[in-house]
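One-letter residues, chain by chain:
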Amino acid sequence: MGPRDGHRGELSPADLLVAGGGPAGWSAARACARRGLDVVVVDPHPDRTWRHTYGAWCHELPLSGPDPLPPGVVAAKDVGWAIATRTHRLDDEYAILDTGALQRALRDDGVRVVRGRVVAAGPGRAVLADGSECRAGLVADASGAVQTLTTGRARGRRAEQTAVGVVVDEATAARVTGGRLLFMDWRPRHGVPGWPTFLYAVPLGGGRVLLEETSLARRPGLPMPELAERLRRRLLAAGLRDDEIPLDDPARVERVRFPVDTPDHRPPDGVVALGAAAPLVHPATGFSVARSLRAATRLADACVTRSDHGSVLDGADGAAWARRAVRGGSGGIVHAMRRRGLDVLLRLPPGEVPEFFDRFFSLPAGPRRAYLGADDDVAESLRAMLWVFARLTPRLRGHLIAGSLGGPGPDQCR
Ligand SMILES: Cc1cc2nc3c(=O)[nH]c(=O)nc-3n(C[C@H](O)[C@H](O)[C@H](O)COP(=O)(O)OP(=O)(O)OC[C@H]3O[C@@H](n4cnc5c(N)ncnc54)[C@H](O)[C@@H]3O)c2cc1C
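Cut-offs used in this document
Residues numbered from 1 in each chain as written. Predicted model: local features only at pLDDT ≥ 70, side-chain atom pairs only at ≥ 80, totals over all residues. Axes fitted to C-alpha atoms, helices over the stretch in contact; angles between N-to-C directions. Helix = DSSP H or I, 4+ residues; strand = E, 2+ residues; numbered from the N terminus. Parallel < 35°, antiparallel > 145°, perpendicular 65-115°, else oblique. Left-handed = near helix turned anticlockwise from the far one by under 90°. Contact = placed C-beta atoms within 7 Å. Nonpolar A, V, L, I, M, F, W, Y, C, P; charged D, E, K, R; others polar. Pairing = 2+ DSSP bridges. Near = placed C-beta within 6 Å. Core = buried A, V, L, I, M, F, W, Y, C linked by C-beta atoms within 7 Å. Buried ≥ 20, exposed ≤ 12 C-beta atoms within 10 Å, placed from the backbone.

**Some thoughts on the packing of helix α7 (residues 331–347) against helix α10 (residues 378–390)**
Packed helix pairs are specified by the crossing angle of their axes together with the interaxial distance, meaning the distance between the axes. Where α7 meets α10, the axes come as close as 10 Å, and the angle between the chain directions of the two elements is 15 degrees. As summarised for this structure, α7 and α10 are arranged roughly parallel, according to the angle between their axes. Crossing geometry of α7 relative to α10 is assigned as left-handed. Contacts between α7 and α10 pair Ile333, Val334 and Met337 from the former with Val378, Ser381, Leu382 and Met385 from the latter. Class assignment for the residues of the contact of α7 with α10 results in 6 nonpolar, 1 polar and no charged.

Here it is as structure tokens:
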């Protein structure tokens, strides 16, 4: 293995070069290094501490298996609840990760780390901003939502998930949530008309709770000041005082903005895209971390299989095999189905969104899990869509058909 933070000029060829040291890049790097591959991670800020609050359904986290995470990565977990026009207990446990523990767990000392920015990549090579070149059997783009290496042309605005949250203590949060982990609370307690937002309320461990006003998907994303004001109004309506809502304390505020649809993204020929650069982002929930963790194991296994068959990891076939491994067998089909779901959501009149989610959260656990989860089960995802469709009002069905046939429609300016 080569040196960490080695001089770029001296960098010897690797089996895998990963552009981007976020959760997706490090998941893949670690899984491949654990199988004995020589891996390089390039990132402009390789030592930057990850700050986002990551959540995932417990059953999707690889706490056992070939690339297990230590149990300490789960900071807190509880049964999830969803409130639309009715209250739904979701049966499944939802976990909030200890982001620092996740970052430490994914960091593998066997991986060579290079401080730099990849500006171009192709089969078997990546060029850094300082002009140096790294050679590797396989190059992966894990540059996140910025998708630095994309070759697609951006057409129009992307749908974005935006949110503003505050961290409060458990007792204060319980006055808003009743002590429940709220995956989504669509009650419009903020009293603001227009595009619907929901409360995401999750324990962070250590007696702290994140209360986050969230806009699931909108094109363009709902502005931060509006979300902050809605959160403030919601929490005041629940009985909190202004001085209990720490919107002015940067250490206790989380701001979220990331795209949930990347229709034109194409990784360069010979490059496999990972995580938010993939797009492996779930179009309906915006989640990608659990999926990246699982995709990393598939990619690493595929790399080993190719090495075992004597073919060095050469990028000659456009890395198609690596893309197949990352996406999984039916990943493309299920992703397309979920994209349709996103189009439906973007077309719904604001007043009808809670009713739509009421039907959705009435789903039996199997298809609900399949639709929301990191797995790609075509049959169960289709079952979920048909089940919800069959229970919608005629008017909601009309919107669903319009969204399915007509795409996302114009930008939401209301
Ligand atoms: C506040 C917030 C909360 C979120 N919460 C959740 C959640 O609860 N659950 C969930 O599943 N998802 C969540 N997401 C969505 C998504 O999973 C995250 O954005 C996640 O960080 C994506 O991981 P990633 O590794 O693909 O990209 P990033 O985490 O964005 O990492 C990309 C890395 O690439 C580096 N980079 C960029 N360009 C280059 C380049 N040219 N060359 C080399 N390196 C480069 C960057 O410096 C960065 O380190 C959240 C997102 C945000 C913003």
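Past the structure itself, the notes keep going.
**Brief notes about the sheet that holds strand β4 (residues 74–83)**
Taken together, 8 strands build an open sheet; the order of strands is β3-β5-β4-β11-β12-β13-β10-β14 and the sheet is mixed. At either margin of the open sheet sits one strand with a lone partner, and together these are β3 (55–57) and β14 (253–259). If you compare each strand with its neighbour and ignore which way they point, the axes differ by 30 degrees on average. As paired elements, strand β11 (residues 181–185) and strand β12 (residues 198–205) share 2 bridges and run antiparallel to each other.

**Focus: the site of the ligand**
Taken together, 35 residues lie around the ligand, and Gly20, Gly22, Gly144, Gly275 and Phe287 are the ones closest in. When contributions to the shell around the ligand are tallied by element, the ones reaching two or more residues are α1 (23–34), β2 (39–43), β3, β14 and α5 (289–308). Partitioned by chemical class, the residues of the shell around the ligand number 18 nonpolar, 14 polar and 3 charged.

**Brief notes about unusual backbone geometry**
Across the junction of Arg219 and Pro220, the peptide omega takes the value 0 degrees, indicating a cis bond. In this fold, Pro220 is placed in the loop between β13 (208–218) and α4 (224–237). In this structure, Asp91 takes a positive phi of about 65 degrees despite not being glycine. Locating Asp91 in the fold gives a position in strand β5 (residues 87–97).

**Things to note about the nonpolar core**
Formed by 118 residues in total, the largest nonpolar core has its most connected members in Leu16, Ala28, Val39, Ala140, Leu211 and Leu274. Top element by residues in this core is α5. It accounts for 8 residues. Among all residues touching Ala28, those that are not within four sequence positions of it are Val18, Ala140, Ala142, Leu274, Ala296 and Leu299.

**Notes on the pairing of β4**
Consecutive residues of a regular strand have side chains that alternate between opposite faces of the sheet. Burial of β4 is extensive: 7 of the 10 residues sit out of reach of the surface. Across 8 bridges, β4 lies against β5 in antiparallel orientation. Bridge pairing in β5 links Trp81 to Arg89. Direction of pairing for β4 relative to β11: parallel, over a ladder of 4 bridges. Counterpart to Gly80 in the pairing with β11 is Leu181.

**Some details on the environment of Arg369**
With respect to the element layout, Arg369 can be found in helix α9 (residues 365–372). Sequence spacing of Arg369 and Gln161 is 208 residues, and the spatial spacing of their C-alpha atoms is 21 Å.

**Comments concerning the environment of Ala142**
As for its placement among the helices and strands, Ala142 is situated in the loop between β9 (133–141) and β10 (160–169). Residue classification places Ala142 among the buried positions, given that 30 C-beta atoms sit within 10 Å. Ala142 sits 121 residues away from Gly21 along the chain, and the two C-alpha atoms are 7.2 Å apart.

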